[in-house]
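These are the residues of each chain, in order.
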Amino acid sequence: MNAVPALYPCTIAHVRTAPRRRTLRHRTYLWLLDPDRPPRLPFPLRPLARFDPRDHFTGEHPSIRAGLDAFLAGHGVRLDGGRVLMLTHARVLGYVFNPLTLYWCHGPAGDLRCVVAEVHNTYGGRHSYLLHPDPTGTARAAKRFYVSPFLPVDGHYRMRLPEPAERLDLTVHLDREHGRAFTATVRGTRRTASPTTLLRLALRHPWSTLAVATAIRVHGVRLFLRGLPVQPRPDHRTPEKAT
């Protein structure tokens, strides 16, 4: 089982293959942590990493773990006190945007019982997918949530989500009726979550989560200006009804 907390400086790439090929790539860093034992940072560094239960699931639970357990209970899954590993962006200087937060959920004996993929869009919506990966770490799920304004809510995700170790290596494909429409990858290398490492990463990627949200919005504007049609956006703000 991985020692946490840990930091992963990483490169995130989005490759849109239909209806027109376009690539977005940016560098950032992610936290791997146990939501039952979030990092305790020196007081001066606390604005650089806060993990707030309001930023996950319904936002109405007293802790992130309580929100996760409520979501799992709604789908008939119990961890019986087993450990959870959470990969996420922290709230930095009061702002957070988490396109994808992952939870590797284990039983008391350390067996992986499921993975939860919590997706946020830039419109304030949230949706969580309950996944049961095969031995290679690959899982499939029907797309049920509006993310890109240029893609409708159809098709299927194929996600390769091995538990992070020394390397972080995640892949998400979106396959639609006429072929692959989108691929996202996350590649990174583990670092000890020391104050020095965090400060170095925060200086290298200032206001990191705002930079991620801005990059996605700028990418969307460019696609719009290139003539890609915008898909209607449904109202979706009920993450615990996700499947």
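The notes below deal with the structure included here.

This next bit is on the environment of phenylalanine 51. Residue position: phenylalanine 51 is located in the loop between β2 (22–33) and α1 (64–73). On a C-alpha basis, the gap between phenylalanine 51 and proline 39 in space is 8.8 Å, while along the polypeptide they are twelve residues apart. Apart from residues no more than four positions distant in its own chain, phenylalanine 51 is found in contact with Trp31, Leu33, Pro39, Ile64, Thr88 and Ala90.

What follows is about the side chain of aspartate 55. With respect to the helices, strands and loops of the structure, aspartate 55 is situated in the loop between β2 and α1. Overall, aspartate 55 belongs to the buried group, its relative accessible area being 9%. Polar side-chain contacts of aspartate 55 include one of 2.6 Å to the side chain of arginine 91. What aspartate 55 contacts, discounting residues up to four positions off in sequence, is Arg91, Val96, Glu118, His120 and Arg126.

Turning our attention to α1. Buried within α1 we find Ile64, Arg65, Gly67, Leu68, Phe71 and Leu72. Taken end-on, α1 shows its buried residues confined to a sector of 160°, consistent with a single buried face.

Here is what the cut-offs are and how they apply
- Starting afresh in each chain, residues are numbered from 1 along the sequence in its written order.
- This being a predicted model, a pLDDT of at least 70 is required before a residue's local features are given, and a value of 80 or more before pairs of side-chain atoms are given or counted; all residues contribute to the totals for chains, interfaces and linings.
- Heavy atoms from the whole structure form the basis of all side-chain values; hydrogens and water molecules are not counted.
- A run of DSSP states H or I qualifies as a helix once it reaches four residues; a run of E qualifies as a strand once it reaches two. Both are numbered from the N-terminal end.
- We call two residues in contact when some of their heavy atoms are within 4.5 Å.
- Accessibility here uses a 1.4 Å probe with only protein chains present; expressed as a share of the type maximum, an area under 20% marks a residue as buried, one over 50% as exposed, and anything in between as partly exposed.
- Throughout this description, a polar contact denotes any pair of N or O atoms lying within 3.5 Å of each other; where both atoms belong to protein, one of them has to be capable of donating a hydrogen while the other can accept it, and for residues adjacent in sequence the pair is counted only when both atoms sit in side chains.
- Directions pointing from the helix axis toward each C-beta atom define the arc.

Everything listed here is a matter of coordinates, which is why it stays silent on function.
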